[in-house]
Amino acid sequence: MRTILIEPTENPKVMKFVADYNLIPGSLELDRSSDISEIPLAQELFNYPFVERIFITANFVAVAKQDTVEWEHVSESLKNVIEDELLANPRIYIQKRKEMYQVYAEMTPNPNVMKFVSNKLLLDGFVEVKSRNEAAEVPLVQAIFNEFDFAQEAFISDNFVAVTKDNSVEWHEVMVAVRALIADYLQNGGLISNLEPQKHENPVEKIINRDYTNDEQKISDILNEYVAPAVENDGGKISLMEYDENTKTARMLLQGACSGCPSSTATLKNGIENILKQFIPELVEKVEAVNG
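Quick notes on the rules
Residues numbered from 1 in each chain as written. Predicted model: local features only at pLDDT ≥ 70, side-chain atom pairs only at ≥ 80, totals over all residues. Heavy atoms only, no water. Helix = DSSP H or I, 4+ residues; strand = E, 2+ residues; numbered from the N terminus. Buried < 20%, exposed > 50% of the residue type's maximum accessible area, 1.4 Å probe, protein only. Areas by Shrake-Rupley, 256 points an atom, 1.4 Å probe, with all protein chains shown as cover. Axes fitted to C-alpha atoms, helices over the stretch in contact; angles between N-to-C directions. Parallel < 35°, antiparallel > 145°, perpendicular 65-115°, else oblique. Left-handed = near helix turned anticlockwise from the far one by under 90°. Contact = heavy atoms within 4.5 Å. Salt bridge = Lys/Arg side-chain N within 4 Å of Asp/Glu carboxyl O. pLDDT = per-residue confidence, 0-100. Pairing = 2+ DSSP bridges. Expected span 1.5 Å × (residues − 1). Polar contact = N/O pair within 3.5 Å; in protein donor to acceptor, adjacent residues only side chain to side chain.

The next thing to look at is the overall build of the chain. Scanning the chain from terminus to terminus reveals seven helices and 13 strands. Within the chain, buried positions represent 45% of all 292 residues. For the chain, the computed accessible surface area is about 15,400 Å², with 47% contributed by carbon and sulfur atoms.

Structure (structure tokens):
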């Protein structure tokens, strides 16, 4: 409970209620026509019909009353109100709850990549940082690189950050520290990226700046429906980069946890290639991976 002292003033209509700390920078002068929607203390005090004005500055609240009541009858009641309201909102204004970020770590098929998943959206789309030289425009990644020498790459998409480490450490040694840094950074309102996120719908446009042909669109549709959800769940992204109709070869761009993953080739040969052959055998006979 905040302790409030009652101090008379030279003006018999005004009483000071003094706290043991500074309430606000500057000052506030309020009457019944003022906007007090964000000031619970003023709302409570103006519930008393005899309160005419409120002045808040430094470490005290000054209340001006009407002549219809005497201070000896109401000062203790006002003191109690002020103590209760300062306990709930020590800085006078409503204390807005911080948006709470919860972050958990999740393994990916790539042993060098760990996925750190937030309970809130980080980006509408994705950004990828392939080296430390590229991190300047992505402050969240820059913070990770500044703190951890073993961090090599990062991929931010929707609600997760996929971090690629070198071979100097194992994830079980550093996972908790990385998760804590990301959670603290987000909780403190850190900027995630200055770059415009690439869109998920058709990322190939960012790479080769052209529209899909009809055949490429058929391949892309199969990828988006049957392959992309599982790949993105593992912290990566896969997109059709190029299609050679003469050799019936589809080249896939791998990003995030998929890029450089030891199991990527096997996944393509055993999974994606088989899916494409099953659904569109007239178009695809072979799949190749290109690391982004």
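Moving on: the packing of helix α3 (residues 139-147) against helix α4 (residues 171-187). As a packed pair, α3 and α4 sit with axes 11 Å apart at the nearest point and diverge in direction by 140 degrees. Compared by their axis directions, α3 and α4 come out oblique. Two packed elements cross with a definite hand, and for α3 against α4 that hand is right-handed. Side by side, α3 and α4 meet where Pro139, Leu140, Ala143, Ile144 and Glu147 of the first sit next to Leu181, Ile182 and Tyr185 of the second.

The next thing to look at is the pattern of salt bridges. What the rule picks out here adds up to 10 salt bridges. Residue arginine 53 pairs with aspartate 31 through a salt bridge whose shortest N-O separation is 3.4 Å. In this pair, arginine 53 sits in strand β4 (residues 51-57) while aspartate 31 sits in strand β3 (residues 27-31), placing the two residues 22 residues apart along the sequence. Take arginine 53: its relative accessible area is 35%, and that puts it in the partly exposed class. Linked through salt bridges whose partners overlap, the residues forming this network are Glu242, Arg251, Lys286 and Glu288.

This brings us to the confidence of the model for the chain. Confidence in the prediction of the chain, expressed as mean pLDDT, is 85, and 87% of residues score 70 or more. When pLDDT is averaged over each element of the chain, α3 comes out on top at 95 and helix α5 (residues 204-208) at the bottom at 49.

Turning our attention to the environment of lysine 16. Among the secondary structure elements, lysine 16 is positioned in strand β2 (residues 14-18). Judged by relative accessible area, lysine 16 falls into the partly exposed class, the value being 22%. Note: C-alpha distance between lysine 16 and asparagine 59 (43 residues apart in sequence) is 9.9 Å. For lysine 16, the residues in contact, after removing those within four places along its chain, are Leu5, Ile6, Glu7, Thr9, Phe60, Val61 and Ala62.

If you trace the five strands from one edge of the open sheet to the other, you get β1-β2-β5-β4-β3, paired in antiparallel fashion. A single partner strand is all that each edge strand has here, and the edge strands are β1 (5-8) and β3. Strand-to-strand twist in this sheet, taken as the mean axis angle between neighbours without regard to direction, amounts to 20 degrees. Two strands pair when backbone bridges link them, and β2 and strand β5 (residues 60-65) are joined in this way by five bridges, in the antiparallel orientation. Its bridge partner being in β5, methionine 15 is matched across the sheet by valine 63. Along the sheet face, helix α2 (residues 71-88) touches β1, β2 and β5 and points at about 35 degrees away from the line of β2.

Our focus in this paragraph is α4. For α4, with 17 residues, the first-to-last C-alpha span of 23 Å sits near the 24 Å given by 1.5 Å per residue. Turning to α4, its buried residues are Trp171, Val174, Val178, Leu181, Ile182, Ala183, Tyr185, Leu186 and Gln187. Tucked into the core, α4 has its buried residues touching β6 (103-107), β7 (113-118), α3 and β10 (160-165). Positive phi appears at glycine 189, one or two residues downstream of α4, with a value of about 80 degrees.

Note on placement: serine 193 falls in the loop between α4 and α5. Here serine 193 falls in the buried class, since its relative accessible area comes to 14%. At a separation of 3.0 Å, a polar atom in the side chain of serine 193 contacts the main-chain amide nitrogen of leucine 195. If sequence neighbours within four positions are ignored, serine 193 has contacts with Leu123, Val127, Glu137, Val138 and Pro139.

Side chains on a regular strand alternate between the two faces of the sheet. Burial along β3 is one-sided: the residues Leu28 and Leu30 are buried and none of Ser27, Glu29 and Asp31 is. Where β3 lies against β4, five bridges are found, and the strand directions are antiparallel. When the bridges of β4 are listed, aspartate 31 appears paired with arginine 53.

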